[in-house]
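Residue-level structure breakdown
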Amino acid sequence: MITSTHLHVGWVGDSQAILARNQTHIDVMEPHKPDREDEKKRIEDLGGCVVWYGAWRVNGTLSVSRAIGDAPHKPYVSATPDVRSLELDGSEDFVVIACDGLWDVIPPWEAVEMVSDFVKDYGVEPEAAAKHLLTQAEERGSQDNITVV
C-alpha cells in the first residue's frame, strides 16, 4: 500500500521488491529462503530441517520457507507474513516487484539501471518497462517462472 508518506509491504515467499530512489535501489523486503538464518532457525526449532538439494530446501523439498498454501509442508513453511514500512520523501523513482525468476539473473542495482535507461529511451510506460525486465531475464537464461510488476 502506498500513502502520501509511506510504502507499506507485507509478503511471504521468494518474491522481492525494490524501491528506486535517486537512481539507487533500496531493498524493500528480504525473500523467505530456507537458508536465511532466521528462517532456518525457525524451521529447525519446529523440528524441520534445511538441506541442500540443488538449492537450500525445507525438509529437502521446497526452496521457499514461507508461502500461501503448501499445506502438506506446514508448520515448517509458514504463511505468516513479514511487514515493513518505508518512509517516502519524494525522491522515489519507482518500485519493482518480481519473483525470483528475475532476481536470480538480474541484481537489484541493475534492474534500477535497466528501468531508468528504458524510461529515458522510451518514456514512462510501467507495463512496457516490466516487460523489458522480463525479456532481459529470459535472455539471460532464467530457469524459473518470471513475473514483474
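To keep things clear, this report deals only with the structure shown in the data block.

The next thing to look at is the overall build of the protein chain. Within the protein chain one finds 4 helices and 7 strands. Mapped from its N terminus to its C terminus, the protein chain presents α and β elements in the order β-β-β-α-β-β-β-β-α-α-α. Oriented by its inertia axes, the alpha-carbon framework of the protein chain measures out at about 50 × 35 × 20 Å. Burial statistics for the protein chain: of 149 residues in total, 39% are counted as buried. Here the analysis covers contacts within the protein chain between residues at least 6 apart in sequence; of these, 56% occur between residues at least 24 apart. Carbon and sulfur atoms make up 53% of the accessible area of the protein chain, which amounts to about 8400 Å² in all. The averaged location of the 26 negative side-chain charges in the protein chain is 6 Å from the averaged location of its 13 positive side-chain charges.

Looking now at the nonpolar core. Of all hydrophobic cores here, the largest spans 19 residues; its most connected members are Val96, Leu102, Trp103, Leu133 and Val148. Breaking this core down by element, the ones donating at least two residues are strand 2 (16-21), strand 7 (92-98), helix 2 (100-103), helix 3 (108-122) and helix 4 (126-139). Considering each element in turn, this core owes the most residues, 5 residues, to helix 3. Contact partners of valine 148, with chain neighbours within four places excluded, come to Val96, Ile97, Ala98, Leu102, Ala130, Leu133 and Leu134. Counting 9 residues, the second largest nonpolar core, distinct from the first, contains Ala17, Leu19, Val28 and Leu86.

A few words on the side chain of aspartate 14. Turning to its location among the elements, aspartate 14 is positioned in the loop between strand 1 (6-11) and strand 2. No salt bridge is formed by the buried aspartate 14. Its closest oppositely charged neighbour is lysine 33, at 4.1 Å. Not counting chain neighbours up to four residues away, the residues in contact with aspartate 14 comprise Pro31, His32, Lys33, Val64, Cys99 and Asp100.

Our next topic: the environment of tryptophan 56. Looking at the element boundaries, tryptophan 56 is found in strand 5 (residues 56-58). The class of tryptophan 56 is partly exposed, set by a relative accessible area of 36%. Sequence separation of tryptophan 56 and lysine 40 is 16 residues, and the distance between their C-alpha atoms is 9.9 Å. Beyond its immediate sequence surroundings of up to four residues, tryptophan 56 is in contact with Pro34, Asp35, Val50, Val51, Leu62 and Ser63.

Right, let's get into helix 4. Taking 1.5 Å per residue as the helical rise, helix 4 with its 14 residues ought to reach 20 Å, and the 20 Å between its terminal C-alpha atoms agrees with that figure. Turning to helix 4, its buried residues are Ala129, Ala130, Leu133, Gln136 and Ala137. Buried residues of helix 4 fall within an arc of 120° about the axis and therefore sit on the same side. Away from its buried face, by an angle of more than 90 degrees, helix 4 presents the exposed residues Glu127, Lys131 and Glu139. Looking at the buried side of helix 4, the elements it contacts are strand 7, helix 2 and helix 3.

What counts and what doesn't
- Residues numbered from 1 in each chain as written.
- Predicted model: local features only at pLDDT ≥ 70, side-chain atom pairs only at ≥ 80, totals over all residues.
- Heavy atoms only, no water.
- Helix = DSSP H or I, 4+ residues; strand = E, 2+ residues; numbered from the N terminus.
- Buried < 20%, exposed > 50% of the residue type's maximum accessible area, 1.4 Å probe, protein only.
- Contact = heavy atoms within 4.5 Å.
- Areas by Shrake-Rupley, 256 points an atom, 1.4 Å probe, with all protein chains shown as cover.
- Lys, Arg positive; Asp, Glu negative; His and termini not counted.
- Charge placed at Lys NZ, Arg CZ, Asp CG, Glu CD.
- Core = buried A, V, L, I, M, F, W, Y, C linked by side-chain atoms within 4.5 Å.
- Salt bridge = Lys/Arg side-chain N within 4 Å of Asp/Glu carboxyl O.
- Expected span 1.5 Å × (residues − 1).
- Arc of directions from axis to C-beta.

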